[in-house]
Amino acid sequence: MSETAAPRKKSQRDSTGRSLPKIPFWAQTFIGLAVGIALGFIARNANVEWLGTTLDEVGSMFVRLLKLAVPPLVFTAILVSVANLRNVNNAAGLALRTLGWFLATSLIAVTVGITLGVLTDPGKGVDLEPGELPEGLSNGDWLDFLTGIVPTNVVEAFGPQPKVLQIVFLAVVVGAAVLSVGKKAEPLINAAEIVLEVVQKALWWVIRLSPIGTAGLIGNAVATYGWDSLKPLGTFTVDVYVGCAIVLFGVYPLLLAAVARVNPLRFFQGAWPAIQLGFVSRSSVGTMPVTQRSVERLGVPKDYASFAVPFGATTKMDGCAAIYPSLAAIFVAQYFGIDLDLKDYLLIVLVSVIGSAATAGLTGAIVMLTLTLDTVGLPLAGVGLLLAVDPILDMMRTATNVAGQAVIPVIVSARDKTLDLDKYHNPRDIDAPDDDPSGPADAAKPVPAQPDRRQPVSA
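Throughout this description, residue numbers start from 1 for each chain and increase along the sequence as written. Per-residue local features are limited, in this predicted model, to residues with pLDDT of at least 70; the limit for side-chain atom pairs, both in listing and counting, is 80 or more; totals at the level of whole chains, interfaces and linings are taken over all residues. The side-chain figures draw on all heavy atoms in the structure; neither hydrogens nor water molecules are used.

(A) Here's a closer look at the overall build of the protein chain. Counting from the N terminus, the helices are the DSSP runs of H or I reaching at least four residues and the strands are the DSSP runs of E reaching at least two. Of the regular secondary structure elements, the protein chain holds 21 helices and two strands. We call a residue buried when its accessible area falls under 20% of the maximum for its residue type, exposed when it is over 50%, and partly exposed in between, using a 1.4 Å probe and counting protein chains only. Counting across all 459 residues of the protein chain, residues that qualify as buried make up 53%. The contact rule is simple, with two residues in contact once any of their heavy atoms fall within 4.5 Å. Put simply, 81% of the contacts in the protein chain that link residues at least 6 apart link residues at least 24 apart. Per element, the accessible surface of the protein chain, about 19700 Å² overall, is 63% carbon and sulfur. The method behind every accessible area is Shrake-Rupley, applied with a 1.4 Å probe, and residues are considered shielded solely by the protein chains displayed.

Okay, here's the thing in structure tokens:
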């Protein structure tokens, strides 16, 4: 079978023994989305309390399972990705170009957010009581953020409330030390790769539950909020979705066509499973295995993808760290009757471009919002105004984050002429039987007739 040939699909058999095609992963998730919306409307409009509770429990369990894998996944993925730079030509230059594109697209995204906020005045005339702030949220200054990156001890970083930024810091330091030590550190790299493969296998089992988790998450959102709860924040909610849509379906395709000179439709064909999972899971880190596998299927070299995607999943947040905080800052300023000047808008841009790491790839963007409000001098109480609709907003924000984390490796690889165009123009289904994102064995057992099977597990 040629590398670009369509792979055989897993199939089931009906009562007559005939083969039945397997439903693609994206279609399963979409079905879960539709079922969840329907059940949510029933639970809300028919006052079916037990159904709403069930949807809440199902969705919460799915998110908890995703979060369970976050500490070991982030640590081993970042460590291995840094160590893998030894196999990449001009690794430093490649890393700098990746970071440069992260910053450039964040600048575009925050500009979109500010423009929408200025044009639509989302906070004017809003009569809303601020909600209760999350426990422990007292301030959002930069000193706390920067000092919080360095852990006081390792156990605390990996504790019951994992601190992802601290885990990233530890992983980068250990990875750099591994590169410095050289061959003597090979056993440590091998051990980290084994742990990463095990975590990915377990996480892939969780990801396969996405249709069920999607039904619970979307259903609970519909049952809990409904349209009545969204009305006071209607303009703001629409602004966030429109802003994310402009970046996701406007800016990214334009960059792919003009800079990478590739067909944007092929990108969405290959990356859609990751974008869709990001939308329902609200976790860039939890989506990372699917994101990397999608990027590799689009022709990005594995060694580079294993660095760029984990790096992006913890630092590249166009939705949560650019569009959302810029719109939220304008909303809060208008609600409290505070006029923003050019200096304030420039501060919002600066925070959004350099502060993406504050979101750390987990659900929600409250930390980034508090940093923005504190920097601009806006009341922190404004956070409480937006908590009611945060889960609804976080879906679109995370989908935009994930798309950005996938599009930058494609752009950088295309400009470096390392992108496999045959793969890019023929992205394979993520559900192909020989392409389980958790199955690394193919890397050790190459099959000459099927080169794609040598692609190892994604991170």
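Structure shown, so let's carry the discussion forward.
(B) Seen up close, the environment of Ile 37. Following the sequence through the fold, Ile 37 ends up in helix H1 (residues 25-45). A C-alpha to C-alpha distance of 9.1 Å links Ile 37 and Gly 216, two positions 179 residues apart in sequence. In this structure, Ile 37 is in contact with Ile 218 and Val 222, ignoring residues within four places of it in sequence.

(C) Layout of the environment of Leu 55. Within the secondary structure, Leu 55 sits in helix H2 (residues 49-68). Taking the C-alpha atoms as reference points, Leu 55 and Ile 212, 157 residues apart in sequence, are found 9.6 Å from one another. Excluding residues that lie within four positions of it along the chain, Leu 55 makes contacts with Leu 39, Gly 40, Ala 215, Gly 216, Gly 219 and Asn 220.

(D) Spotlight on helix H16 (residues 342-354). Expected helix span is computed as 1.5 Å times (number of residues minus one). In this model, H16 (13 residues) spans 18 Å end to end at C-alpha, consistent with the 18 Å of a helix rising 1.5 Å per residue. Among the residues of H16, Asp 344, Ile 348, Val 349, Val 351, Ser 352 and Val 353 are the ones counted as buried.

(E) Local environment of the side chain of Ser 281. Within the element layout of this structure, Ser 281 appears in helix H12 (residues 264-281). Whenever a nitrogen or oxygen atom comes within 3.5 Å of another N or O atom, the pair is scored as a polar contact, on the condition that within protein one atom can donate a hydrogen and the other can accept it, and that pairs from neighbouring residues in sequence are kept only if both atoms are in side chains. There is a polar contact of 2.8 Å between the side chain of Ser 281 and the backbone oxygen of Leu 277. A polar side-chain atom of Ser 281 sits 3.3 Å from a polar atom in the side chain of Thr 287.

(F) Focus on the packing of helix H4 (residues 91-120) against helix H15 (residues 318-335). Every axis in this analysis is a line fitted to C-alpha atoms, fitted for helices over the stretch in contact. Angles between the N-to-C directions lie between 0 and 180 degrees. Where H4 contacts H15, the two axes come as close as 8 Å, and the packing angle between them is 25 degrees. Relative to H15, H4 is oriented roughly parallel. Of the two elements, H4 crosses H15, and the hand of that crossing is right-handed. For the pair H4 and H15, the contacting residues are Thr 105, Ser 106, Ala 109, Val 110, Gly 113, Ile 114, Leu 116, Gly 117 and Val 118 in the first and Asp 318, Ala 322, Ile 323, Ser 326, Leu 327, Ile 330 and Gln 334 in the second. Under the convention adopted here, Pro, Cys and the residues Ala, Val, Leu, Ile, Met, Phe, Trp and Tyr are nonpolar, Asp, Glu, Lys and Arg are charged, and Gly plus all remaining residues are polar. A breakdown of the residues in the contact of H4 with H15 according to their chemical character gives nine nonpolar, six polar and one charged. Put simply, angles under 35 degrees are roughly parallel, angles over 145 are roughly antiparallel, angles from 65 to 115 are roughly perpendicular, and the rest are oblique. For any helix crossing, the convention is left-handed if the near helix is rotated counterclockwise from the far helix by under a right angle, and right-handed if that rotation is clockwise.

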